[in-house]
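Residue-level structure breakdown
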Amino acid sequence: MSSVSSGSSASDPADQTWDDWTEEAVPTQSLFSTQTFATPLEALKHDKDVYGVDLVLLASTLGKYFFERIRLINYIRATKPEPKTFARLDRNAAWLQDDAYLKPVLEDDALLQLDFENLSLSSSTPSASAPAASTSEDQDLVSLLRAQLADSNQALEQLKKLYQSRANSGPLDTEVVESVQADKTVVDKEGAGDKGKERDDDSHYFESYAYNEIHEIMLKDKIRTDAYRDFILSNPAIFKDAVVLDVGCGSGILSMFAARCGAKKVYAVDASNVAFKAERNIKENGLDGIITVVKGKVEQIDIPEKVDVIVSEWMGYFLLYECMLDSVLVAKERFMRPGGLMVPSQTSIMLSLFAGESLVKDRITFWENVYGFKMPAMAEEIYDDALIDVVNAGDVVSNEVSLIDIVTGTVTVPELSFTTPFSLTATTKTKVHAFLGHFDTFFTTSGSLVSPVPPHKLSSTEVFFTTGPAGTPTHWKQTVFLLRKPIEVEVGTEVSGVFKCSKNPDNSRELVVEVTWTVGGKEEAQVWKVR
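Below, the discussion takes up the nonpolar core. In this structure, F318, F422, F435 and F499 are the most contacted members of the largest nonpolar core, which totals 92 residues. Counting residues in each nonpolar core, the second largest holds 22 residues, with F32, L44, L58 and I73 among its members.

What follows is the structure in structure tokens.
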């Protein structure tokens, strides 16, 4: 079903660039006539030139709503509307929500089957009769189409999964079932944990970062983004003429900070389709001569030189959720020169006791009377998963202790699963309903260990931020481990125990937390998942 192929089957995919891909001849019918063209792009160009309908532009107005794009193509083919009615797209049109238009109108419709992720719109060997794109406007259009087609490819994969899911749950139109059979082996790999089937913990993770919303949230988190900006721009001695690797570049913001500070070369790597958008963002700001975007997993790609600095915003809920640091450490081993700097240089996971009576009322007691009805079943599993929420700093009722200090320049992947003894001392008489976790982050010029206990000894060009409840709220919030059996404490009561954190064996992007603790000689234990 692929509409693109590698220029050389013997070459290493990691060494290929966008221009190494050429479009195969896949007969494609116009949306508005029966005329057939050699490739999908020729058909799209014909429809734009002859009928004035720019399908790529229309699809772009649908944003991340990929099913609507499928409906758009099938609606046009099924109803044969006047082209002039598509001068603009009515986002409220009923057919955009009609599942009848999820069914392909044409068998093997090339517009639905494009391998959008790898498609290149520029030919590495243009024909003599076709003038090469030479203007900035032409190149911008190429970048736009790459991004939109990558989104559409992802939409097609989601559609296949939907069809397969419906096929497995009940009768489905024969044509629909047959339309996904060619990709059945791909769909089958999605069943994590099924015997004899390959488990894939990464696909959903990378897909989730392909859309704007998550990047908007992160960019608007000023504590997060300002910390990276301030450290990078305050340290030209580190970044000027440096070679920098940005792992998980997202929108490209950290790469652009590095380039602005004088980096000689920046490699911006991301495995999700947001890489296409990063490429356009970078070009829009005139930094494409410094920054090279590389789409792929950092474990699999190659870059042509060692780097002086690795910058990455890898932190997840409770610091280690999503386990992206594993990939950053692989990048360090593969690409960083001896003595290079990791940014950030240190993170520390902090633990405290949390009263949280209002949180219990909101999340648990609420189910005892919902419009006069008891709903205990709704609260049964609330103790199994850690809660991610912004909590009241006044509900912290003990000192804070560090469970692990991660110095990114020296830590190894096995050390990210840890078991740590702890001792917390209550500061007030109350009922403790939870352990509370957050993390602190340090950006230092030396990369050496900083004491996690304030006051932190940092220079004027070094940066610190906390995700704790006493600080300005961030998108990471705090992590609440609710206790099935609350702890009664007095001032000075010691709660001591062991905190164990490891990857979830059912999904390596998630965490399993096990805590045993003792109060007054009585031992308790509980397990949570962070997911």
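Still more ground to cover, so stick around.
The periodicity of an α-helix, 3.6 residues per turn, causes residues three or four places apart in sequence to face the same way. Here helix 14 (residues 325-335) lies mainly inside the structure; 8 of its 11 residues are buried. Along helix 14, the positions that sit buried rather than exposed are L325, D326, S327, V328, L329, A331, K332 and F335. Contacts made by the buried residues of helix 14 are with strand 5 (243-247), strand 8 (307-311), strand 9 (336-343), strand 12 (401-407) and strand 17 (494-504).

What follows deals with the sheet that holds strand 19 (residues 522-530). Taken in spatial order, the 4 strands make up an open sheet running 13-17-18-19, and their pairing is antiparallel. Every other strand in the sheet has two partners, leaving strand 13 (418-425) and strand 19 as the edge strands with one partner each. On average, each strand axis in the sheet is inclined to that of its neighbour by 20°, with strand direction left out of account.

Our focus in this paragraph is the packing of helix 10 (residues 222-233) against helix 12 (residues 253-260). Contact pair helix 10 / helix 12: the axes reach a minimum separation of 9 Å and the direction vectors enclose 20°. Judged on the interaxial angle alone, helix 12 and helix 10 are roughly parallel. Handedness of the crossing formed by helix 10 with helix 12: right-handed. Facing helix 10, whose interface residues are T225, Y228, R229, I232 and L233, helix 12 presents L254, F257, A258 and R260. Residues of the contact of helix 10 with helix 12, tallied by class, amount to 6 nonpolar, 1 polar and 2 charged.

Turning to the packing of aromatic side chains, a few remarks are in order. On inspection of all chains with the given rule, the structure shows 21 aromatic pairs. Relative to W367, the ring of F366 lies with its centre 4.9 Å away and its plane at 75°, an arrangement referred to as edge-to-face. Measuring from centroid to centroid gives 5.8 Å for F465 and W476, while their planes differ by 10°, and the two rings are stacked. Here the residue F465 occupies a position in strand 15 (residues 463-466), and W476 occupies one in the loop between strand 15 and strand 16 (478-489), the gap between them amounting to 11 residues. By relative accessible area, W476 is classed as buried at 1%. Three or more aromatic residues joined by ring pairs make a cluster, and in this case those are Y228, F231, F239, F439, F443, F465 and W476. For K265, the ring lying beneath its charged end belongs to Y267, and the centroid distance is 5.7 Å.

This part covers the side chain of S352. Tracing the backbone shows S352 in strand 10 (residues 346-354). Once residues lying within four places of it in the same chain are set aside, the contact partners of S352 are V396, S398, N399, E400, L424, A434, F435 and L436.

Moving on: the sheet that holds strand 8. Spatially, 7-6-5-8-9 is the arrangement adopted by the 5 strands of the open sheet, whose pairing is parallel. The open sheet has two free edges, formed respectively by strand 7 (291-295) and strand 9, since each of these has just one partner strand. Between one strand axis and the next, the sheet turns by 20° as a mean value, whatever way the strands run. The sheet strands contacting helix 13 (residues 274-284) are strand 6 (265-270) and strand 7, and the helix crosses strand 7 at an angle near 170°.

All right, on to the pattern of salt bridges then. In this structure the tally under the stated criterion is 20 salt bridges. Linking D226 and K222 is a salt bridge whose minimum nitrogen-to-oxygen distance equals 3.4 Å. Residue D226 and its partner K222 are located together in helix 10, separated by 4 residues, close to a single helical turn. Residue classification places K222 among the exposed positions, given a relative accessible area of 54%. A salt bridge links K503 to D326, with the nearest nitrogen and oxygen atoms 3.1 Å apart. One end of the pair, K503, is in strand 17; the other, D326, is in helix 14, and 177 residues separate them in sequence. Note on K503: relative accessible area 27%, which makes it partly exposed. Residue classification places D326 among the buried residues on the basis of a relative accessible area of 16%.

So, on to unusual backbone geometry. Here the bond from V343 into P344 is cis, since omega is 5°, no more than 30 degrees from zero. One non-glycine residue, D108, lies in positive phi territory at about 55°. With respect to the secondary-structure elements, D108 resides in the loop between helix 3 (66-79) and helix 4 (110-113). For D108, a relative accessible area of 57% gives the class exposed.

Let us look at the packing of helix 9 (residues 212-220) against helix 10. At a minimum axis separation of 5 Å, helix 9 and helix 10 run at an interaxial angle of 70°. Taken together, the axes of helix 9 and helix 10 are roughly perpendicular relative to one another. On the side of helix 9, the interface is formed by M218, L219 and K220, while helix 10 contributes K222, R224 and T225. When the residues that make up the contact of helix 9 with helix 10 are grouped by side-chain class, the tally is 2 nonpolar, 1 polar and 3 charged.

Right, let's get into helix 10. In a regular helix each residue adds 1.5 Å, so 12 residues correspond to 16 Å; helix 10 covers 15 Å between its end C-alpha atoms and thus fits that length. The complete set of buried residues in helix 10 reads R224, T225, A227, Y228, F231 and I232. Within helix 10, the buried residues cover an arc of 155° as seen down the axis, which keeps them to one side. For helix 10, the side-chain oxygen to backbone nitrogen distance between the N-cap and I223 is 3.3 Å, and the N-cap itself is D221.

About the criteria used
- Residues numbered from 1 in each chain as written.
- Predicted model: local features only at pLDDT ≥ 70, side-chain atom pairs only at ≥ 80, totals over all residues.
- Heavy atoms only, no water.
- Core = buried A, V, L, I, M, F, W, Y, C linked by side-chain atoms within 4.5 Å.
- Buried < 20%, exposed > 50% of the residue type's maximum accessible area, 1.4 Å probe, protein only.
- Helix = DSSP H or I, 4+ residues; strand = E, 2+ residues; numbered from the N terminus.
- Contact = heavy atoms within 4.5 Å.
- Pairing = 2+ DSSP bridges.
- Axes fitted to C-alpha atoms, helices over the stretch in contact; angles between N-to-C directions.
- Parallel < 35°, antiparallel > 145°, perpendicular 65-115°, else oblique.
- Left-handed = near helix turned anticlockwise from the far one by under 90°.
- Nonpolar A, V, L, I, M, F, W, Y, C, P; charged D, E, K, R; others polar.
- Phe/Tyr/Trp six-rings, centres within 6.5 Å; stacked < 30°, edge-to-face > 60°.
- Lys NZ or Arg CZ within 6 Å of the ring centre and 35° of its normal.
- Salt bridge = Lys/Arg side-chain N within 4 Å of Asp/Glu carboxyl O.
- Expected span 1.5 Å × (residues − 1).
- Arc of directions from axis to C-beta.
- Polar contact = N/O pair within 3.5 Å; in protein donor to acceptor, adjacent residues only side chain to side chain.

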